[in-house]
Amino acid sequence: MTWSCSGSPGNAGPQSLASPRMENWIPRRGLLWRCTRRTGSSCAEAPPPARYQHLSAAYSPITTETQRERQKGLARQVFEQDTSGDERSGPEDSDDSRRCSGSPEDTPRSSGASGIFDLRNLAADSLLPSLLERAAPEDVDRRNEAQRRQNRPRALLTLYPAPDEDEAVERCSHPEPPREHFGQRILVKCLSLKFEIEIEPIFGILALYDAREKKKISENFYFDLNSDSMKGLLRAHGTHPAISTLARSAIFSVTYPSPDIFLVIKLEKVLQQGDISECCEPYMVMKEVDTAKNKEKLEKLRLAAEQFCTRLGRYRMPFAWTAVHLANIVSSAGQPDRDSDSEGERRPAWTDRRRRGPQDRASSGDDACSFSGFRPATLTVTNFFKQEAERLSDEDLFKFLADMRRPSSLLRRLRPVTAQLKIDISPAPENPHFCLSPELLHVKPYPDPRGRPTKEILEFPAREVYAPHTCYRNLLYVYPHSLNFSSRQGSVRNLAVRVQYMAGEDPSQALPVIFGKSSCSEFTREAFTPVVYHNKSPEFYEEFKLCLPACVTENHHLLFTFYHVSCQPRPGTALETPVGFTWIPLLQHGRLRTGPFCLPVSVDQPPPSYSVLTPDVALPGMRWVDGHKGVFSVELLAASSVHPQDPHLDRFFTLVHVLEEGVFPFRLKDAVLSEGTVEQELRASLSALRLASPEPLVAFSHHVLDKLVRLVVRPPVISGQMVNLGRGAFEAMAHVVSLVHRSLEAVQDARGHCPLLAAYVYYAFRLPGAEPSLPGGAPPVTVQAATLARGSGRPASLYLARSKSVSSSNPDLAVAPGSVDDEVSRILANKGVDRSHSWVNSAYAPGGTKAVLRRAPPYCGADPRQLLHEELALQWVVSSSAVREAVLQHAWFFFQLMVKSMALHLLLGQRLDTPRKLRFPGRFLDDITALVGSVGMEVITRVHKDAELAERLNASLAFFLSDLLSLADRGFVFNLVRAHYKQVTTRLHSAPNPTVLLTLRMDFTRILCSHEHYVTLNLPCCPLSPPASPSPSVSSTTSQSSTFSSQAPDPKVTSMFELSGPFRQQHFLAGLLLTELALALEPEAEGASLLHKKAISAVHSLLCSHDTDPRYAEAPVKARVAELYLPLLSLARDTLPRLHDFVEGSGQRSRLASLLDSDTEGEGDIGGTINPSVAMAIAGGPLAPGSRTSISQGPPTASRSGCPLSAESSRTLLACALWVLKNAEPALLQRWAADLALPQLGRLLDLLYLCLAAFEYKGKKAFERINSLTFKKSLDMKARLEEAILGTIGARQEMVRRSRERSPFGNQENVRWRKSITHWKQTSDRVDKTKDEMEHEALVDGNLATEASLVVLDTLEIIVQTVMLSEARESVLGAVLKVVLYSLGSAQSALFLQHGLATQRALVSKFPELLFEEDTELCADLCLRLLRHCGSRVSAIRMHASASLYLLMRQNFEIGHNFARVKMQVTMSLSSLVGTTQNFSEEHLRRSLKTILTYAEEDVGLRDSTFAEQVQDLMFNLHMILSDTVKMKEHQEDPEMLIDLMYRIARGYQGSPDLRLTWLQNMAGKHAELGNHAEAAQCMVHAAALVAEYLALLEDSRHLPVGCVSFQNISSNVLEESAVSDDVLSPDEEGFCSGKHFTELGLVGLLEQAAAYFTMGGLYEAVNEVYKNLIPILEAHRDYKKLAAVHGKLQEAFTKIMHQSSGWERVFGTYFRVGFYGARFGDLDEQEFVYKEPSITKLAEISHRLEEFYTERFGDDVVEIIKDSNPVDKSKLDPQKAYIQITYVEPHFDTYELKDRVTYFDRNYGLRAFLFCTPFTPDGRAHGELSEQHKRKTLLSTEHAFPYIKTRIRVCHREETVLTPVEVAIEDMQKKTRELAFATEQDPPDAKMLQMVLQGSVGPTVNQGPLEVAQVFLAEIPEDPKLFRHHNKLRLCFKDFCKKCEDALRKNKALIGPDQKEYHRELERHYCRLREALQPLLTQRLPQLLAPPPVSLRNSLNRASFRRTDL
């Protein structure tokens, strides 16, 4: 019977194998192999697989991938916002609406009633069947609950993003099985080789060379592409070729890809007479096309070739070579998958991934090179270089290769040998068929042994590779380099070297171990080097590959024989003449000899017994070439899993072997060991192990560790005395582990574990000599791994029969010739290597078909056995400081070794049924206690010195204790945990940074809680009283099903919901976890954000694992599990003030708690208290005993000062709380809710409110938007930064983590965390998601939102049932209704809304007074939400919403026979809805109105009342409002038109203040959306004035504004809000002015909003005016807090006014006159408006905007912009077109106004008059000569003053004035004079500006300068006396101008420096010239001017004399 061992947890056998009582002991992390018999018999007693291990949080990580798998099959939830987007772009948007544009006035208000849509003819939605029945409230509740429970997802957290993998410290995975090491693998296929002439066979050799490292990096691959006819020429020499030598394709492995790797191809041919050049000549000269011409020559050559093949067929000669640069092939073939996992398809060993790390990063640039994932390429090599006899060595080859990369290569100048070699190069497939290993074993799959094979070529890596041996390999490579026979006399020119592997000195003892090349036998006894013709000192490039026998002895040697080969057949001359001999003994002092040798060559045959000596020994009577100098250079290279090739390892293995065999004396090098000296030698070799080279140490690490374990457990007995080597072996083990760790540092996983050592513990380690005693008398079998070892020259685990000694020198080393390899060849007879699964399953593994089983070694005397785990614990505890340091660095390894040893001890000793307390002796448990204590102390003391080590130690300790829970007594383990906690607590008080310690302890707890039996360990079903023993018996806790079936007695419910002492004693681990959470959520906790995240993530991860655990799938079972987390509800509730506020736009978190928290301040918050002594004992938080009695005691505001939680942490905590609420027993929750104090209940409701906000559905569009964001990173940055500052995470670990994120090669299986995409972190790994992924995210988010809301609804129902009979019912129910209303108002699915509306109906029917007697706000909110849902596009939502609205009206009516309140609220709600909601569907709302009408008609109970009639009136009124929405929809894109329409609707409600107020607020919202803050503020001022009017009607209060008049200073427009006379309206009528705004508080709110908008718009002066009305109200209410805030804001406003006094800093608005002309504009035709545009809007901008908008509406080529501002003649316009005239206008003020309008603000506020000027000449041109230049001034007046509640106001008045040329000249001169004066008087003076103005005034100008103006208008006195006054005025203007020029020149003179004096003199000269020219013009007198003006003279500057053109 054989056994197989498998470490894979996935294929863990049938469940029936496991005995039910086993489930508690099964250890974790692969502590046992699964053992199953290969025979057919049943195996009831076989050790079971770890049945539940895969269910633990450590082994079934909840990742994004697993979550996605579980999310399959989710139903799609229907959301309004997802459907609306689709439907809005539907047919509703018809073209007709675009084509017509009317003014707001073109439909009268009543047109809706006349019925564009007749309400009666519409189809109603289907009615809810039982709505009108009057059922008992209990029945309704029961029915609602049953419906809510249907089709709910079982696992809430499956819908939530997977836990953050950064925090998953408990994450484990089984290590990868040790595998054979491969680099990147390339498949090379040789397809054909063709020369111009075919005359003889040619043979090929392929190998890889690294030109940079100057190293050959693969063995040779030999191929033969000759035709059968050519092969036939060698028939005389050939045996039948073995199939393995016919391979034409090879797989090369490259561990270190580099751009300098070449595939070198060498060609050889049969030896012939003549040197290489002569032999190549025919191939270079003759062409295939000339075959006929060269027929005779060819025939001659063929004949010669045939003769040479017959005679010299066994010899070869070098022929030609070439090289292929691999990097070129890879890059030119393109790398589509360059980013894919470059490990190739077959995973390599660890080294490969490690070495790609640091080295490859360091070598940048073109070094980045990868040979995986490129496209296959077929290559035709056409040029070969002939070999040169003097340059055959590898050194020459590397020079050639370096030269080949240069552009001007010397090689290119040589004449090539033309040929065509076709090869295919491609990445090797994962499992190639017909593949042979380097030892020629078949690699599965090998379908047919006759198929042509592909050879795997052994790699010689360019640098070290650290990987353990996993398969038997024992190869030797022999490289002859050169031979120097120049001093040798005689005919020795054609030299060949023959190599033989000799097992003895007899010629017959040459072993067939040399691998054949191509087309020959598989193994040969001898092989020859190629011959270089006529060369006495040849160089060689040959490689001989030998298969070393498993047992090499002292007699084994390599024999080299040198022959002279006679190329010409001469009579009497032998074909080959031996001319020299030399040899290499393969063993020296028991070690294999490798490396370079320079050997002397003997002329004579070696004498007998030569093989034990080296040729360096001058044997007497022998002749040597060149006087015994070294003339033959050769190198040996071994690739062996048998020979370590390291002196320290060799010595250690030899000594251990000697002890095992017990054969003394024993020769070790030159010394002979006796029993007395062997102990000392062994101790020395143990301490010398640390000096071993890393590469062989790692390669033989498994076997070294096995031997060390053996020395610990089975101390050797020497001379009858037991020698205790435990301490030495333990120290050696520590050093070996450190060395292996160091060598493989870059591939450690996130916890710093070396995968190689982890694999050793998991797969290879076994207890030495322990055999399981099996029933049925089956023979014992060792459970072990086949790690090859060697004693003196052979593997100890291949126990080979040895014959009697034949060696005189060392009797232990001889083996009978011929018998050496019997056993190995038998083992490998089938030549099968299965790499399909892990190494453990391979044929060579124990139990495989080729397994090598080892006999128990003979021991001298008794067999003293010790248990490894006991020895390890003892040695660790007593170890010295140096060793302890080494052990602590890698404590995980020793802990895992101990645990595996304990598990094997229990299994093999059949102790699994032993009671836990008796399984291990007391002294061992004492050692464990001491060990845990000391390691715990190390964690605490090192945490500030070496945080990284502390973190690793902490995790190792936690895993160890977690493993002990599976094996040892639980009570003992819990005591260890408690002791550790106390240790940490003691240290916390004095620690400089307690956060770091708390973080570590959090990780510790999390790892403990990841145990697969975590729930059972918490005793979920026992009563809350301390158990007799903290270690429950196996029987009571094993069977999960029975655990939950027992009914727990009813304890005091409150203590179940708090972290009380009893709770923590009963549920030990859960208590630890929740206490950690409570401490992290403490407001005073330092480093809080990091702790929050860690603690919440730990709970989240556990809950996720419960959700996915099939053991807890049943609801009653899950309810029991939920009981372990009940205190989480109290914790979340008490943390509420510091949770992230997900409710947008609201700063107040405790919305509902404050309602219920009136008289309870004194009582304190009783819930959530933690007993401080228990907290200290178990948790050890940073609280001093007695410092605080409660985590959240005191008023609710007390804890707000603490660190707030991030959005992500808050959301996760809320998800966990929802999980508890969903899964806990409802009756239990009800009893708890009944015990809560009112403020606590209020906070619970707040918590539910927050849950609704946190999980609200964002919509598909949001997912598309977020697709470019990485939201999570910003949330986590604070926590990450804190980690870095506090040093709680090691720098190396952080680097490893980052490199893992970057590196595509990272070992993903062993990584503790992977950065996966989560909900918050939408795209940190990949920016763009596919459409499917976004669809899936939206689907999951929709389901999560629905389920979260339903859980909240369930909880609300429980609360309602609880408080129905309590005294504080009203306040609680009000709060409950607020939560329900919030849920109905947020984005919810149709499914939730059906249930939510059902709950709302039930609430209103049970408690109608909530809505109809108390505050009206609830009713208003409810109406708004119901109406919104009545307009839903989803029919199911409409059905329920219209049913709810109908019942609301009915209930209001039944209370007072009239439903005025609901009527008013519904009408206002609809107005509000229509004004603010963009995608509102009036068509669907009409259907709902029709449905409500139908209900009213069908309601039999109210037939006799006026109810149906009132409903009908209301419905028609609503229908009319809807008609306006049709228009609003049309103008959605035209903001001015839309605001005009809203303005008209608001004006239509002049008699209904509530509705007018609603529309004013709608307008304000719209303006704010468009960024028109001034207009939004005006809307609010109008609203406030409206409210003030009606408050004045109700009461006469001094502190209130008198009405509109009080607001006149803010805007003159507000007077239009004056109330309609008292007889029309009575404000105290039911439902009238009943909104929340028609109160003092409402007025205050409106004024505050107005002030806020004014501030945003920069109108700070208006802010002051607003507050003048607000301050008296606040003073009257003594609201000093608000007064302080108001005065603060006033101070800010005044400060800003001061700083921005010049006005340049704030630019208010730009104004344009816009005229519309054309019938297409409808009522806008010939209308003029003044538009207010944002500041600094250019004319082109508004022109482009309006043109684009109307073009889109009317079509292309219809709209034209009139470019000038002249009066428009409509008769000249095309009636088919639409014309727009746009002119820039400026505010205009009369002279008297300017006295009051002093500031920049005054001149930009309250504007009614605007001016624009148009230049023209009499002949129609705009500009002409000065004498004919006229100007038209147009003054426009608007209906209202800007800013108003609209941004465009109609022009109501227009005046025009025409100025004559001289008047134009006067204006120009006055302007220029003003500019001069300003520049002169400016303070501080601006010299540059002054000079510019002066230059423009006095500088010589060509035309239209001041002189030109004077000459035109002042040269002659006008004839027309009417112009005398103008003439004189212009003259005076010029005089003033000259005076100002003089002042300016004086000022300039004072300002300039010496460098500008010349410039100033120039300006003075110009001025003098100007003055002289003007002098005669200015001195003319007009005597008539002294007479009074005639009456008819028009004064153009007097406003009264303007000619007016009124509109």
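The model shown is predicted, which means the values in this text are computed figures rather than measured ones.

**Focus: the overall build of the chain**
(1) Moving on: Of the regular secondary structure elements, the chain holds 65 helices and 38 strands.
(2) Moving on: Expressed as a percentage of contacts within the chain between residues at least 6 apart in sequence, the contacts between residues at least 24 apart total 79%.
(3) Moving on: Accessible surface computed for the chain: about 81600 Å², of which carbon and sulfur atoms make up 53%.

**Some words on the packing of aromatic side chains**
(1) Moving on: Considering all chains together, one arrives at 54 aromatic pairs under this definition.
(2) Moving on: Considering the side-chain rings of F195 and Y283, the 5.3 Å spacing of their centres and the 70° angle between planes classify their relative orientation as edge-to-face. Placement of the pair is F195 in strand β3 (residues 184–195) and Y283 in helix α7 (residues 276–285), with a sequence separation of 88 residues.
(3) Moving on: On the accessibility criterion, Y283 (1% relative accessible area) is buried.
(4) Moving on: The rings of F730, Y760, F765, W876, W892, F893, F894, F895 and F960 are connected pair by pair, giving a single aromatic cluster.
(5) Moving on: A cation over a ring is seen here: R316 above F203, with NZ or CZ 4.1 Å from the ring centre.
(6) Moving on: Above the plane of the ring of Y1543 lies K1846, whose end atom (NZ or CZ) is 4.5 Å from the centre.

**Digging into the sheet that holds strand β21 (residues 557–565)**
Whether parallel or antiparallel, the strands of a sheet pair through hydrogen bonds between backbone atoms.
(1) Moving on: Spatial ordering of the open sheet is given by β19-β16-β21-β22, a layout of four strands whose pairing is antiparallel. Lying at the two open borders of the sheet, with one neighbouring strand each, are β19 (526–528) and β22 (576–585). Direction aside, neighbouring strands of the sheet carry axes that sit 20° apart on average.
(2) Moving on: Summarising the sheet, strand β16 (residues 495–502) and β19 pair through three bridges and their orientation is antiparallel. Paired with Q500 across the strands is E526, a residue of β19.

**Remarks on empty space enclosed by the protein**
Rolled over the atoms, a probe with the dimensions of a water molecule shows which regions are left empty.
(1) Moving on: Estimates place the volume of the second largest cavity at around 220 Å³.
(2) Moving on: If you go around the second largest cavity, you meet 21 residues; those closest to its centre are Y222, K455, F515, G516 and K545.
(3) Moving on: At the level of elements, β6 (221–223), β14 (454–456), β17 (514–515) and β20 (544–547) are the ones that each hand at least two residues to the lining of the second largest cavity.

**Digging into helix α49 (residues 1435–1456)**
(1) Moving on: Spanning 22 residues, α49 covers 32 Å between terminal C-alpha atoms, matching the ideal 32 Å at 1.5 Å per step.
(2) Moving on: Here α49 lies mainly inside the structure; 17 of its 22 residues are buried.

**Section: the confidence of the model for the chain**
(1) Moving on: For the chain, the average pLDDT comes to 79, and 78% of its residues sit at 70 or higher.
(2) Moving on: Below a pLDDT of 50 lies the segment residues 1158–1200, which in the model reaches 90 contacts outside its immediate sequence neighbourhood of four places, other chains included.
(3) Moving on: This stretch, residues 1621–1631, has a pLDDT under 50; its non-local contacts, to residues over four places away or in other chains, come to 14 contacts.

**As for unusual backbone geometry**
(1) Moving on: Of note, the bond from K444 into P445 is cis; its omega dihedral lies within 30 degrees of zero at 0°.
(2) Moving on: By secondary structure assignment, the location of P445 is in the loop between β13 (442–443) and β14.
(3) Moving on: The linkage connecting F1842 with the following residue, P1843, adopts the cis geometry, with an omega of -10°.
(4) Moving on: Assignment of secondary structure puts P1843 in the loop between β37 (1830–1842) and β38 (1848–1859).
(5) Moving on: Located in the positive-phi region is F434, a residue other than glycine, with phi close to 55°.
(6) Moving on: Although it is not a glycine, S519 adopts a positive phi angle of roughly 50°.
(7) Moving on: Position of S519 relative to the elements: it lies in the loop between β17 and β18 (523–524).
(8) Moving on: Judged by its relative accessible area of 22%, S519 is partly exposed.

**Things to note about the pattern of salt bridges**
(1) Moving on: Enumeration according to the criterion identifies 85 salt bridges in this entry.
(2) Moving on: Across the salt bridge formed by D1499 and R1450, the nearest N and O atoms sit 2.9 Å from each other. Residue D1499 is found in the loop between α51 (1482–1498) and α52 (1507–1530), and its partner R1450 is found in helix α49; the two are separated by 49 residues along the sequence. In this structure, D1499 and R1450 share a single accessibility class: buried.
(3) Moving on: Of the charged contacts, one joins D1943 and K1939 as a salt bridge, the two residues approaching to 3.0 Å between their closest N and O atoms. Here K1939 and D1943 lie together in helix α64 (residues 1924–1951), a separation of four residues that amounts to about one turn.
(4) Moving on: We classify K1939 as partly exposed; its relative accessible area is 46%.
(5) Moving on: Through salt bridges with shared partners, a single ionic network connects E145, R148, R149, R152, K1222, E1347, D1354 and E1357.

**Describing a negative patch on the surface**
(1) Moving on: Taken together, E1533, E1747, E1748 and E1752 make up a surface patch of like negative charges.
(2) Moving on: Checked against the element boundaries, E1533 lands in the loop between α52 and α53 (1535–1548).
(3) Moving on: The exposure class of E1533 is exposed, given its relative accessible area of 60%.

**Remarks on helix α24 (residues 947–967)**
(1) Moving on: With 21 residues, α24 should cover 30 Å at 1.5 Å per step; its first-to-last C-alpha distance of 30 Å lies within 8% of that length.
(2) Moving on: The buried fraction of α24 amounts to 21 of the 21 residues, a majority that puts the element mostly inside the structure.

**A few points about the packing of helix α34 (residues 1115–1123) against helix α38 (residues 1207–1223)**
Helices that pack against each other are described as a pair by the angle of their axes relative to one another and the distance between those axes.
(1) Moving on: Two elements in contact, α34 and α38, have axes separated by 8 Å at closest approach and are oriented at 135°. With respect to α38, the axis of α34 lies oblique. Crossing of α34 against α38: the hand is left-handed. In this structure, α34 uses K1118, A1119, V1121 and A1122 to contact α38, whose residues at the interface are W1219, V1220 and N1223.
(2) Moving on: Classifying every residue of the contact of α34 with α38 by side-chain character gives five nonpolar, one polar and one charged.

**What about the side chain of H1960?**
(1) Moving on: Among the secondary structure elements, H1960 is positioned in helix α65 (residues 1957–1978).
(2) Moving on: Aside from chain neighbours lying at most four places away, what touches H1960 is L1945, N1948, K1949 and I1952.

**Brief notes about the environment of T1108**
(1) Moving on: By secondary structure assignment, the location of T1108 is in helix α33 (residues 1088–1108).
(2) Moving on: Sequence separation between T1108 and L55 is 1053 residues, and the spatial gap between their C-alpha atoms is 8.3 Å.
(3) Moving on: Of the polar contacts made by the side chain of T1108, one reaches the backbone oxygen of S1105; its length is 3.1 Å.

**What to know about a nonpolar patch on the surface**
(1) Moving on: A cluster of nonpolar residues, V612, L613 and V617, forms a patch on the protein surface that exposes about 200 Å² of accessible area.
(2) Moving on: Summarising the element assignment, L613 is placed in the loop between β25 (595–600) and β26 (630–640).

Scoring rules and cut-offs
Residues numbered from 1 in each chain as written. Predicted model: local features only at pLDDT ≥ 70, side-chain atom pairs only at ≥ 80, totals over all residues. Heavy atoms only, no water. Helix = DSSP H or I, 4+ residues; strand = E, 2+ residues; numbered from the N terminus. Contact = heavy atoms within 4.5 Å. Areas by Shrake-Rupley, 256 points an atom, 1.4 Å probe, with all protein chains shown as cover. Phe/Tyr/Trp six-rings, centres within 6.5 Å; stacked < 30°, edge-to-face > 60°. Buried < 20%, exposed > 50% of the residue type's maximum accessible area, 1.4 Å probe, protein only. Lys NZ or Arg CZ within 6 Å of the ring centre and 35° of its normal. Pairing = 2+ DSSP bridges. Axes fitted to C-alpha atoms, helices over the stretch in contact; angles between N-to-C directions. 1 Å grid on protein atoms, 1.4 Å probe; cavity = no way out; pocket = protein on both sides within 12 Å on 5 of 7 lines; lining within 4 Å. Points joined across faces, edges and corners; volume = space filled by probe spheres on them. Expected span 1.5 Å × (residues − 1). pLDDT = per-residue confidence, 0-100. Salt bridge = Lys/Arg side-chain N within 4 Å of Asp/Glu carboxyl O. Patch = residues over 30% accessible without salt bridge, like charges linked within 9 Å, V, L, I, M, F, W, Y side chains within 5 Å. Lys, Arg positive; Asp, Glu negative; His and termini not counted. Charge placed at Lys NZ, Arg CZ, Asp CG, Glu CD. Parallel < 35°, antiparallel > 145°, perpendicular 65-115°, else oblique. Left-handed = near helix turned anticlockwise from the far one by under 90°. Nonpolar A, V, L, I, M, F, W, Y, C, P; charged D, E, K, R; others polar. Polar contact = N/O pair within 3.5 Å; in protein donor to acceptor, adjacent residues only side chain to side chain.

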